[in-house]
Amino acid sequence: MSPASSYRAVKGTRDLLPPESEKFAAVEAAARAVFSSYGYGEIRTPVLESTELFARSVGETTDIVHKEMYTFLDRKGRSLTLRPENTAGVVRAAIERGLERLPRPLRLWYTGEQFRYERPQKGRYREFRQIGAELVGVAGAASDAEVLTMLFDFLRRLGFSQLSVSLNCVPGGQARETFADALRAHVRPQASRLNEDDRRRVEENPLRLFDSKDPETAAILAGAPTTLAFLDADAAAHFAQVKSLLTAAGIPFTESPTLVRGLDYYTVTVFEVISGGLGAQNAILGGGRYDNLFADMGGPALPAVGFAIGEDRLVEVMPHDPRPLRELWYVLPGSSDEFSYALRVADAIRGAHPAAVAETDMSGRGFSKGFARASQILSGDATYPFRVSEVRVVSVGSEERSEQTVKIKTLSSRQEEVLPFAALGVHAMGEKR
Ligand code: HAM
């Protein structure tokens, strides 16, 4: 037993180890493949940003800014925050680096760690990963539809077939004020039933009441006015168009008039996708339009739309293992005398089979235990990093070494063949010749 160490991962953070980490990598590879096929390039922004950035964009009265940020002073007294989300950083970078001068629209995707000081539970961590995309510079409903089509393309590629989008449209400008007033008028007579935080929200930003986890607040909101009655003509037309484009694209959706999303920057379209199997933390992704954020952050007035997927939650509910099936060539030296020859053999196999795994057994356990290990991997060893379709054991004993040959056994068919070393890099073994 290893000595008990007093060092522990910080609460709400976790180590991703193989094979789980390989599932994350496979999901990220699928995101890159799908998103790049729509013209999205990857953006990587810093994990650290100025605190002010999130206060301005996500909003002072949101749960995220109010009580969930990891904020600290650096050695020069500057207030910094570990990013709780990635849209603010993308907008900051786009403005700072003059990306708005590039041909439009700007299509960017990202993956990376986010930090929120929330109560950890299933599907909710203090350090978690998001995969997201932002489409900047197009105002029309076609941009909402493209983003959602790309998202569903990605989800379907991972095997999800039952998911549906919850869709809403939040009023902007004067209509938002009218909606906020109507909400206040509904809630104020019952304000004594609200908790302190929610009472504050009634006055400061009543839309945020919809984020409340308090059942009392939810009960009061049950009969409250909802967004759709307050849309101005432009927003209503935009929403109608988004819905018709989604229908045409075969994206299933339901209207959710109480969905406002927990970040202040949203305008017009907002959406979420929820999934079973996650308990209370059932939103696997969220997004929407943020047509005022660029101007609010001091940049040019650029409309934008995007989403972020909670990667940890996604991996937890995936219908099948996203890792690609790979062949394993298990190079097995008879003793330590054959290690050096075995390494050359494994190298030659890697050259001939770039998609395969060629692993050299360096344990010195010999043939019979080595074969047992190889069979264990083929039968689905839950700790092995990769998903294995076939194992070919490449035995190299003293005879093979002196004759410069290898003996290959395909485990599922039990077929055996002896090949000269020189043929290893040339022939694609295992394929029909
Ligand atoms: P969000 O809804 O705050 O939106 O987060 C997106 C997703 O991140 C959530 O649906 C959830 O799956 C995941 N998530 C959030 N908090 C946690 C947590 N503590 N543990 C695990 N997963 C979590 C945004 O962040 C926006 N920036 C999305 C966006 C991009 N809107 C426009 N562009």
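Thresholds applied
- Residues numbered from 1 in each chain as written.
- Predicted model: local features only at pLDDT ≥ 70, side-chain atom pairs only at ≥ 80, totals over all residues.
- Heavy atoms only, no water.
- Helix = DSSP H or I, 4+ residues; strand = E, 2+ residues; numbered from the N terminus.
- Buried < 20%, exposed > 50% of the residue type's maximum accessible area, 1.4 Å probe, protein only.
- Contact = heavy atoms within 4.5 Å.
- Areas by Shrake-Rupley, 256 points an atom, 1.4 Å probe, with all protein chains shown as cover.
- Lys, Arg positive; Asp, Glu negative; His and termini not counted.
- Charge placed at Lys NZ, Arg CZ, Asp CG, Glu CD.
- Near = heavy atom within 4 Å.
- Polar contact = N/O pair within 3.5 Å; in protein donor to acceptor, adjacent residues only side chain to side chain.
- pLDDT = per-residue confidence, 0-100.
- Axes fitted to C-alpha atoms, helices over the stretch in contact; angles between N-to-C directions.
- Parallel < 35°, antiparallel > 145°, perpendicular 65-115°, else oblique.
- Left-handed = near helix turned anticlockwise from the far one by under 90°.
- Nonpolar A, V, L, I, M, F, W, Y, C, P; charged D, E, K, R; others polar.

Okay, the overall build of the chain next. Within the chain, the regular secondary structure consists of 15 helices and 16 strands. The dimensions of the chain, computed from C-alpha atoms along their principal axes, are 90 × 55 × 45 Å. Expressed as a percentage of its 433 residues, the buried residues of the chain come to 49%. Of the contacts made within the chain by residues no fewer than 6 positions apart, 70% connect residues no fewer than 24 positions apart. Put simply, the chain shows about 20300 Å² of open surface, and 51% of that area lies on carbon and sulfur atoms. Computing the positive centroid from 53 side-chain charges and the negative centroid from 56, the chain places the two 2 Å apart.

Not every one of the 27 residues close to the ligand is listed here, only the nearest: Glu 85, Glu 118, Glu 134, Tyr 266 and Ala 283. In the environment of the ligand, an oxygen atom lies 2.9 Å from a nitrogen or oxygen atom belonging to the side chain of Arg 116. Between the ligand and Gly 310, the relevant distance is 3.4 Å, taken from an oxygen atom to a main-chain nitrogen or oxygen of the residue. Summarising the interface, the protein chains cover 96% of the accessible area of the ligand, which totals 660 Å² for the free molecule.

As a note on interpretation, predicted positions should not be read in detail where pLDDT is low. Mean pLDDT over the chain works out to 94, with 97% of the residues at or above the 70 mark. Note that residues 428–433 has pLDDT below 50 and, in this model, 12 contacts with residues that lie over four places away or in other chains.

If you trace the backbone, Ala 423 turns up in helix H15 (residues 421–424). According to the relative accessible area criterion, Ala 423 is buried, its value standing at 11%. Between the alpha carbons of Ala 423 and Val 406 there is a distance of 9.8 Å; along the sequence they are 17 residues apart.

Once that is clear, we can look at the packing of helix H5 (residues 141–157) against helix H9 (residues 233–249). Relative to each other, H5 and H9 sit at 40°, their axes nearing to 9 Å. Considering their axes alone, H5 and H9 lie oblique with respect to each other. Seen along the crossing, H5 lies across H9 with a hand that is right-handed. Touching Ala 141, Ala 142, Asp 144, Ala 145, Leu 148 and Thr 149 of H5 are His 238, Gln 241, Val 242, Leu 245, Leu 246 and Ala 249, all from H9. Class assignment for the residues of the contact of H5 with H9 results in eight nonpolar, three polar and one charged.

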